[in-house]
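The primary structure of each chain is shown beneath.
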Amino acid sequence: MARHGASASEVCNFGPQRHAAVHDGDESSDSYRVSHQAPGYGSLYNETFEGGYYAALWQKIERPLIEDILRPFGGPNRKCLDFACGTGRIAGVAAEFFQQVVGVDVSPAMIQCASVPKNVSLRIVDITNDDIPETFDVATAFRFFLNAEDALRRDALLGIRRHLRDGGHLVCNIHMNAASPAGFIYRRGKALFGERAQNTLGLEAFCAYLRDAGFVVEEVRYYGYLPRLGPLLNGMCQRLVAPAERLCRALAVPGRFAQNFVVIARRQGRESSPSAADGFAARKNV
Ligand SMILES: C[S@@+](CC[C@H](N)C(=O)[O-])C[C@H]1O[C@@H](n2cnc3c(N)ncnc32)[C@H](O)[C@@H]1O
């Protein structure tokens, strides 16, 4: 495993920084690009997946699911882009199947805390503004679209699309499904307790973003039927997350009740380029 550090020249000034606890929705801010920039944020983020409910969800459900999805896309000479790679959680999984993985993120604080295999290179770059020279067979983007603002969601999809070969695939997730009970509580219920409502996003709304950016949705996989029921029940939820998943699947509980979903979408060919892609070229020329 290589440990990554950002050199002083790579560390840019991204404006005001906030330090906030990582939680179900991660940090949502007026500018998602700066939301994970505070010094130390990377180690705080990693702690989320080291113990408790989120560690169990990751180890027992999300990681095996991502392995299942990525395995058939991999192979010798196959390349994967992990957009918004953060501390390399998904890039490390992709590295099992792809010859080369490139992770890109705007946050030095996150990349500094990454620990990834040798076939993964991590770069501090914003591909919504600056292209990198390679194109990829597959792109992944996890825990990003939920909290990115509308414009950033669209720019990110177009940036990813520009770096995918024709017919290449995007594998990405939404980690607070608007249609799920947890989504309802996050959107509405929190207000009852005087807490700030948090972002939720439904499949239909997300598919509209994908379509606008020139992707065709091929498959959706729901997961995480048991949400974290608050900090007091963290231990119980940690123990029950896998059995609850098995039970819900055995009972054929509809996927919309699950808290998370992964979308597998194919990049359409150049003939169906969305007009917004031309907007990028125009922006780059001014
Ligand atoms: C919640 S983290 C997800 C990290 C990782 N994908 C995972 O699932 O563990 C969201 C990441 O999006 C990054 N991000 C925000 N805007 C970005 C942009 N324009 N380009 C690349 N990364 C961005 C943040 O810096 C942060 O590391």
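Structural data are supplied above this passage.
This section reports on the structure supplied with the text.

**Points about the site of the ligand**
In the vicinity of the ligand, 19 residues are found, and the nearest of them are His36, Ala84, Gly86, Ser107 and Phe142. Counting only elements with at least two residues in the shell around the ligand, the list comes to α3 (89–94) and β3 (98–105). Its residues placed into classes, the shell around the ligand shows 9 nonpolar, 4 polar and 6 charged.

**Re the sheet that holds strand β8 (residues 215–223)**
A sheet is described by the order of its strands in space; here 7 strands give the open sequence β5-β3-β2-β6-β7-β9-β8, paired in mixed fashion. The sheet is open, and its two edges are formed by β5 (120–124) and β8, each paired on a single side. Each neighbouring strand pair of the sheet contributes to a mean axis angle of 20 degrees, computed without reference to strand direction. As paired elements, strand β2 (residues 75–83) and β3 share 6 bridges and run parallel to each other. Bridged to phenylalanine 83 within β3 is valine 104. Strands β7 (164–174), β8 and β9 (260–267) of the sheet are contacted by helix α7 (residues 203–212), whose axis makes an angle of about 150 degrees with β8.

**Observations regarding the environment of leucine 164**
Examined against the element boundaries, leucine 164 turns out to sit in strand β7. Residue leucine 164 is classed as buried on the basis of its 21 C-beta neighbours within 10 Å. Spatially, the C-alpha atom of leucine 164 lies 9.1 Å from that of cysteine 80, the residues being 84 residues apart in sequence. Not counting chain neighbours up to four residues away, the residues in contact with leucine 164 comprise Thr135, Phe136, Ala139, Leu170 and Arg267.

**Comments concerning the pairing of β7**
Buried residues dominate β7, accounting for 8 of its 11 residues. The sheet contact formed by strand β6 (residues 136–141) and β7 spans 5 bridges and is parallel. Its bridge partner being in β7, phenylalanine 136 is matched across the sheet by leucine 164. Taken together, β6, helix α5 (residues 150–162) and β7 form a β-α-β motif whose crossover is right-handed. Where β7 meets β9, 6 bridges bridge the pair, whose relative direction is antiparallel. In the sheet register, histidine 169 faces β9, and the bridge partner there is arginine 266.

Rules and cut-offs
- Residues numbered from 1 in each chain as written.
- Predicted model: local features only at pLDDT ≥ 70, side-chain atom pairs only at ≥ 80, totals over all residues.
- Near = placed C-beta within 6 Å.
- Helix = DSSP H or I, 4+ residues; strand = E, 2+ residues; numbered from the N terminus.
- Nonpolar A, V, L, I, M, F, W, Y, C, P; charged D, E, K, R; others polar.
- Pairing = 2+ DSSP bridges.
- Axes fitted to C-alpha atoms, helices over the stretch in contact; angles between N-to-C directions.
- Contact = placed C-beta atoms within 7 Å.
- Buried ≥ 20, exposed ≤ 12 C-beta atoms within 10 Å, placed from the backbone.
- Right-handed = clockwise from strand over helix to strand, strands pointing away.

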